[in-house]
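Descriptive structure summary
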Amino acid sequence: MQLYTNPASPFCRKVEIVLIETGQRADVTDVASIGHPTDSAGMPTAINPIGKIPVLAREDGPALFDSRVICRFLNDRADADLIPANAWDIQTLEAIGDGICDAAVLMVYEGRSRPEDKQHSPWVEGQWAKIARSLDALESGWMSHLAGPLNIGQIAVACALSYLDFRHGDRDWRAGHTELANWHAAFSERSSMQDTAPQT
Ligand SMILES: N[C@@H](CCC(=O)N[C@@H](CS)C(=O)NCC(=O)O)C(=O)O
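Residues numbered from 1 in each chain as written. Predicted model: local features only at pLDDT ≥ 70, side-chain atom pairs only at ≥ 80, totals over all residues. Heavy atoms only, no water.

Re the sheet that holds strand S2 (residues 29-32)
Put simply, the rule reads: One bridge is not enough; two strands pair if DSSP finds at least two bridges between them. A run of H or I in DSSP counts as a helix once it spans at least four residues, and a run of E counts as a strand once it spans at least two, with each numbered from the N terminus. Fitted lines through C-alpha atoms serve as axes, helices being fitted only where they are in contact, and the angles separating the N-to-C directions of these axes extend from 0 to 180 degrees. Should any heavy atoms of two residues lie within 4.5 Å, those residues are considered in contact.
Reading across from one edge, S2-S1-S3-S4 is the order of the four strands in this open sheet, with mixed pairing throughout. Both outer strands of the open sheet, S2 and strand S4 (61-64), are each paired with one neighbouring strand and no more. Sheet twist, expressed as the average angle between the axes of neighbouring strands with direction ignored, equals 25°. Each of strand S1 (2-5) and S2 is contacted by helix H1 (residues 10-21), which is oriented at about 145° to S1, the strand it contacts most. Packed onto the sheet, helix H2 (residues 67-77) meets strand S3 (55-58) and S4 and runs at close to 45° relative to S3.

Topic: the site of the ligand
The following threshold applies: We call a residue near a molecule or strand as soon as one heavy atom of that residue lies within 4 Å of the molecule or strand. Definition of a polar contact: a pair of N or O atoms within 3.5 Å, with one able to donate and the other able to accept a hydrogen when the atoms are protein atoms, and with sequence-neighbouring residues admitted only if both atoms are side-chain atoms. Every accessible area reported is derived by Shrake-Rupley at a probe size of 1.4 Å, with residue values counting cover from the shown protein chains alone. Each residue gets one of three labels, nonpolar for Ala, Val, Leu, Ile, Met, Phe, Trp, Tyr, Cys and Pro, charged for Asp, Glu, Lys and Arg, and polar for the others, Gly among them.
Lining the immediate surroundings of the ligand are 13 residues, of which Lys52, Ile53, Asp66, Ser67 and Tyr109 lie closest. Isoleucine 53 has a polar backbone atom sitting 2.9 Å from a nitrogen atom of the ligand. Residue aspartate 66 places a side-chain N or O atom 2.9 Å away from a nitrogen atom belonging to the ligand. Across the complex, the protein chains shield 87% of the 510 Å² of accessible surface that the ligand would expose by itself. In terms of residue class, the shell around the ligand is built from seven nonpolar, four polar and two charged.

Some remarks on the domain arrangement of the protein chain
What counts here: Residue ranges assigned to the domains are those given by an automatic or database domain assignment. The term buried area refers to how much accessible surface (probe radius 1.4 Å) is lost by two components on association, counted for both of them together. Any Lys or Arg side-chain nitrogen located within 4 Å of an Asp or Glu carboxyl oxygen qualifies as a salt bridge.
Along its sequence, the protein chain is organised into domain 1 (2-77) and domain 2 (88-194). Taken over C-alpha atoms, the centre of domain 1 sits 20 Å from the centre of domain 2. Across the boundary between the two partners, domain 1 contributes 17 residues, which contact 22 residues of domain 2. Overall, the association of domain 1 and domain 2 removes approximately 1700 Å² of surface from exposure, summing both partners, and the carbon and sulfur fraction of that is 63%. In this structure, lysine 14 and aspartate 98 form a salt bridge, with 3.0 Å as the shortest nitrogen-oxygen distance. Our count for the domain 1 to domain 2 interface comes out at ten residue pairs in polar contact (both at pLDDT 80 or more). Among the secondary structure elements, those contributing two or more residues to the side of domain 1 that touches domain 2 are H1 and H2. It is H1 that contributes the most residues to the side of domain 1 that touches domain 2, eight residues altogether.

Put into structure tokens, the structure is as follows:
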């Protein structure tokens, strides 16, 4: 199988971590992909019309996307337990992590895709407001889920927080989120996290 991926993408990192944690890393080769909404020349548009990564190409079926579908496929393929059946809370935790990434990535694209005089700061701040609310919600309501056995929600949140460090370090997401920051520091010790640190 081939994984269309980029080491800066938090969504691709989720998949990379699932591959490592479920013992399937050697089954997949990476295909370097790069792009953004106004430049998809380096993206696998022939197999994902949406033009986003990650995409998993298989020999025996259509390519899989997006990261949630790929992670579920890999979890089933390895008979792993990262997404327990009917664990709607864990899947909602994953949605919070992915939602933080969506907003954080859109903030980057606003700066990268639009000329400076066309950038709209209320829109950027609206994206950050989604992230700030999510950080508060994680700190006040989700720490017990983050403390349990490894699951896809934890992986998504860890990738999201690391991406905030990587692209939005000046926003200081740790301020007022001490428990979450401590959890992230401990989770980041996992070798699957160390082996997939974001890179430009
Ligand atoms: N919901 C998707 C989001 C994937 C995504 O936004 N990927 C970014 C890279 S971090 C991308 O491919 N962006 C290109 C674009 O928006 O055109 C997933 O979970 O895989």
